[in-house]
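Each chain, letter by letter, is given below.
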Amino acid sequence: MAQLWGGRFTKATDRQVYEFNASINFDKRLYKQDIRGSIAHVRMLSKQGILTAREEELLLSGLMQIENDIEHETIRITPEYEDIHSFVEAVLTQRIGEAGKKLHTGRSRNDQVALDMRLYIRDEIIAVDSLLRTLLDVILQIMKENVHTYMPGFTHLQKAQPVTLAHHMGAYFEMFRRDRERLADAARRMNYCPLGSGALAGTTYPLDRAYTASLLGFYAPTRNSMDSVSDRDYLIEFLSDLSMIMMHLSRSCEEIITWNTNEYRFVEIDDSYSTGSSIMPQKKNPDIAELVRGKTGRVYGALMQLLTVMKSLPLAYNKDMQEDKEMAFDAVDTVRSCLVLYTGMLSTMGFRKDVMEASAKNGFTNATDAADYLVNRGVPFRDAHSIVGRLVLTCIEKDCSLDELTLEELRRESPVFGEDIYEAISMKTCVEKRNTAGAPGPVAMEDEIRQAQEYLDRGGISL
Ligand code: ARG
């Protein structure tokens, strides 16, 4: 048990208390951020004359050496230290002696851990954003290749109107684009440095907080020191953004699972992204899509957990906040692996265009267009709706589609129908004439695609 405190204690910590309290097993993941923060702190202390140049030199080379050794596994982070902060300071002091003991001047673990987490989350935001960007590239590619691939659009999971695969994928493009915007927004709001807030009330040392903030790439220091050590809003925002990403992935996976069934056969998941059954030799299962859908629960869980931890916490730092880490780490690992796997599955997936198109042709997806045809010839919409409704009934009885009815049969319901009805309700017309902004028609879609490409060319988050 190696602790940074103990002066005022007369008894050693109970073993179980020590283990319950320690965070090293999970906060060791923050070693890079912790060292980076310490380096900035040391440089600032020296600039302010709180450390000598010699002390600065010893501390900086010691810290860099520790980072290097952890990276190359020449030292191991072991559980006899309470947390990563204690570990780094203890090893440093063992190595460089007295100067090591000055590292923590004008600092508390409260502002230190607040900084480490921010640095970590800031890097993760950028990593998740870049995975989303790769995914959007894949989606846009599918869109470009499928401007004329007809498929049924659904409402209530019932065939509604024909759309294109480009249009359907374009909906996901928008969802993931918004996810990126949310991340960029969260990154901007959190990009302030809490270091120098001390335990809760700042410090009497003449720290230059703006200098530390700039060394670490933050816009500026955070303001109120009590808020700075106890604010986890940015983490809740991030978990909320991750939850939304998972919700979008999950919606798409649900569709892919359905489209991959024997009943739909819209898609064929590549063998390399499918799994088999130990008993049923014929099976090829969409496990990856199911797992991504299933893992959504873990990420929502992390969000709910942290909201609950923070609820009712009095100012300022409370040890409850140590619980901000494990599930947040799990959530971000989960989202990153889901994005990688989902992107791989999507980019290797085959689309059965003929099956999609055939499916769009039945199910009366052109019924609205038949009604619109009548409206364009002076029939009030409500009457047109009812005329086409009766025609649909006829089709159901005869087991055929609207365009398979003869002109005579159509005219039995309305004399307004002419020979040109067949062209008006053809799949091609139904889709290709829908060119209002955001619609599936090729004129509208090419415009969407062009703008989407421009958006992707603009690059990622810059802070
Ligand atoms: N392990 C702690 C955490 O993650 C670090 C801060 C500890 N501060 C303290 N006063 N005990 O929140």
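All values derive from a computational prediction rather than experimental measurement.

Cut-offs used in this document
- Residues numbered from 1 in each chain as written.
- Predicted model: local features only at pLDDT ≥ 70, side-chain atom pairs only at ≥ 80, totals over all residues.
- Heavy atoms only, no water.
- Helix = DSSP H or I, 4+ residues; strand = E, 2+ residues; numbered from the N terminus.
- Rg over C-alpha atoms; globule rule 2.2 N^0.38 Å.
- Buried < 20%, exposed > 50% of the residue type's maximum accessible area, 1.4 Å probe, protein only.
- Contact = heavy atoms within 4.5 Å.
- Areas by Shrake-Rupley, 256 points an atom, 1.4 Å probe, with all protein chains shown as cover.
- Near = heavy atom within 4 Å.
- Polar contact = N/O pair within 3.5 Å; in protein donor to acceptor, adjacent residues only side chain to side chain.
- Nonpolar A, V, L, I, M, F, W, Y, C, P; charged D, E, K, R; others polar.
- 1 Å grid on protein atoms, 1.4 Å probe; cavity = no way out; pocket = protein on both sides within 12 Å on 5 of 7 lines; lining within 4 Å.
- Points joined across faces, edges and corners; volume = space filled by probe spheres on them.

Caption draft 1: Structural view of the overall build of the chain. Along the backbone of the chain there are 19 helices and 6 strands. Relative to its length of 463 residues, the chain is extended, with a C-alpha radius of gyration of 30 Å against a globular reference of 23 Å. Seen through its principal axes, the chain has C-alpha atoms that stretch 100 × 50 × 40 Å. Looking at the chain as a whole, 50% of its 463 residues qualify as buried. In the chain, the share of contacts with a sequence separation of at least 24, taken over all contacts with a separation of at least 6, comes to 75%. Surface accessibility of the chain: about 22,200 Å² in total, with carbon and sulfur atoms responsible for 51%.

Caption draft 2: The site of the ligand, seen in detail. All residues in the neighbourhood of the ligand are listed as Ser23, Asp27, Asp83, His85, Arg109, Asn110, Val113, Tyr317, Lys319, Gln322 and Lys325. Tyr317 places a side-chain nitrogen or oxygen 2.5 Å from an oxygen atom of the ligand. A distance of 2.4 Å is found between an oxygen atom of the ligand and a side-chain nitrogen or oxygen belonging to Lys325. Contact with the protein chains hides 86% of the accessible area of the ligand, taken as 350 Å² for the molecule alone. For the shell around the ligand, the element with the highest residue contribution is helix H6 (residues 109–145), accounting for 3 residues. Residues that form the shell around the ligand fall into these classes: 2 nonpolar, 4 polar and 5 charged.

Caption draft 3: Structural detail: empty space enclosed by the protein. Tallied over the full model, the rule gives 2 cavities of 30 Å³ or more. Volume-wise, the largest cavity comes out at about 50 Å³. Forming the boundary of the largest cavity are His168, Met169, Tyr172, Ser252, Glu255, Ile256, Trp259, Leu346, Met349 and Phe351. Element by element, the count of residues in the lining of the largest cavity is highest for helix H10 (residues 233–259), at 4 residues. Taken together, the residues of the lining of the largest cavity break down into 7 nonpolar, 2 polar and 1 charged. Taken as a whole, the second largest cavity holds about 30 Å³ of empty space. Lining the second largest cavity are Ala370, Leu391, Leu402, Leu410, Phe417, Ile421 and Ile425. Residue classes in the lining of the second largest cavity are distributed as 7 nonpolar, no polar and no charged.

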